[in-house]
Amino acid sequence: MWEVAGCHGLCWSKGSLFATGKGPDGAGLYRITPRGAGAKTNGGAKPNEIVCLGTFSGEGNEHGVHGVVEGPDGRLYLAVGNHHQIDKPWSADSPYRWHYEGASFPPMAIRGHAVGIRSPGGTVVSVDREGKDWRVMAGGFRNHYDLAFDASGSSSPSTATWSGTWGFPGIAPWPRSM
C-alpha cells in the first residue's frame, strides 16, 4: 500500500523524493527519504521516512497542487492550482502579497466550473526544504501544471488548460524576485 498516492509532482533532490499528493495528513507536500536498502527491522526492510512539509485546503483534484521543482536557490517551487490553497501562513517575505477580487467589471452570473474560486486563484509557492517558510511568489493562475527554471534563474509556469485557444501561449512568466 502506498502512503502517498495520486502524486502530480515528483522531485528527487539531495537523497529525498519530494511529492505532491494525498498522504497520511491529506493533500500536501511530502518528503520521502529512503532508510537504506539493506537495513532490516522485524524481518523486513526499514520503511521510508515520510514527512509532511505542509498541507493544502480545498477540493484540489485536477486543479490542485501539481508540479514541484528545485529552484536555483535550493528552495522547492510548487505549481498550486486554483482549487487548492496552502494551509500554512504566507511568509512576510512573500513577494506576492496584494491580491484583490476586483470590482473593475460588473458582476457576472458565473456558472459552471470553478464557481466560487476566489483570489488569489492558482499560485506559485516557494518553500524551504523543512516546510517552515512558505512564500507565495505569484498568483492569479487558473490551473497551471508545472514550472521550470532557465539558465538565468527565471521561471515560467505552464498551463494545463485550454487558455491557448484564446490566444494565450499557455506559458506565463512571473517576475523574478529572488
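Keep in mind that what you see is a predicted model, and the values were worked out from it rather than measured.

About the criteria used
- Residues numbered from 1 in each chain as written.
- Predicted model: local features only at pLDDT ≥ 70, side-chain atom pairs only at ≥ 80, totals over all residues.
- Heavy atoms only, no water.
- Core = buried A, V, L, I, M, F, W, Y, C linked by side-chain atoms within 4.5 Å.
- Buried < 20%, exposed > 50% of the residue type's maximum accessible area, 1.4 Å probe, protein only.
- Helix = DSSP H or I, 4+ residues; strand = E, 2+ residues; numbered from the N terminus.
- Contact = heavy atoms within 4.5 Å.
- Pairing = 2+ DSSP bridges.
- Phe/Tyr/Trp six-rings, centres within 6.5 Å; stacked < 30°, edge-to-face > 60°.
- Salt bridge = Lys/Arg side-chain N within 4 Å of Asp/Glu carboxyl O.

J.: Just checking my understanding: could you explain the nonpolar core for this structure?
T.: The nonpolar side chains of a soluble globular protein tend to be buried, and buried together. The biggest cluster of nonpolar side chains holds 16 residues, and the ones touching the most others in it are Leu29, Phe56, Leu76, Leu78 and Trp134. Put simply, the parts of the chain that give this core at least two residues each are strand E6 (49-57), strand E7 (65-70), strand E8 (76-80), strand E10 (122-127) and strand E11 (134-141). Residue contributions to this core peak at three residues, all from E8. Residues in contact with Phe56, not counting those within four places in the same chain, are Ala27, Gly28, Leu29, Val65, Leu78, Val80, His84, Gln85, Ile86, Asp87 and Trp134. Counting eight residues, the second largest nonpolar core, distinct from the first, contains Val69, Tyr77, Met137 and Leu147.

J.: Honestly, the sheet that holds E6 in this entry has me stumped. Any pointers?
T.: Two modes of strand pairing occur in sheets, parallel and antiparallel, and in both the strands are linked by backbone hydrogen bonds. The strand order E1-E2-E3-E6-E9 describes an open sheet built from five strands, whose pairing is antiparallel. With partners counted over all chains shown, the strands left at the sheet margins are strand E1 (5-13) and strand E9 (85-86), one partner each. In this structure, strand E2 (residues 16-23) lies alongside strand E3 (residues 26-33), joined through seven bridges in antiparallel fashion. Paired with Phe18 across the bridge in E3 is Arg31.

J.: In this structure, what is going on with the packing of aromatic side chains? I would like to understand it.
T.: The geometry of an aromatic ring pair comes down to the distance between the two centres and the angle between the two planes. Per the counting criterion, the structure on display carries two aromatic pairs. Aromatic side chains Phe56 and Trp134 sit 6.0 Å apart centroid to centroid with 80 degrees between the ring planes, which places their arrangement in the edge-to-face category. With Phe56 in strand E6 and Trp134 in strand E11, this pair connects stretches of sequence that are 78 residues apart. Both residues of the pair, Phe56 and Trp134, count as buried.

J.: Would you explain the pattern of salt bridges in this entry?
T.: A side chain of one charge can pair with a side chain of the opposite charge if their charged atoms are brought near each other. A full pass over the atoms with the stated rule returns six salt bridges. In this structure, the salt-bridge partner of Arg31 is Glu130, at a minimum N-O distance of 3.6 Å. Placement of Arg31 in strand E3 and of Glu130 in the loop between E10 and E11 is noted, with a sequence separation of 99 residues between them. As a salt-bridge pair, Arg135 and Asp133 come within 2.7 Å of each other at their nearest N and O atoms. For Arg135, a relative accessible area of 24% puts it in the partly exposed group.

J.: Hey, could you run me through the pairing of E11 in this one?
T.: Side chains on a regular strand alternate between the two faces of the sheet. In this structure, E10 lies alongside E11, joined through six bridges in antiparallel fashion. Residue Val125 lies in a different strand from E11, and its bridge partner there is Val136. Linkage of E10 to E11, two consecutive antiparallel strands, is achieved through a turn of six residues, within which Gly131 is found at a positive phi near 75 degrees.

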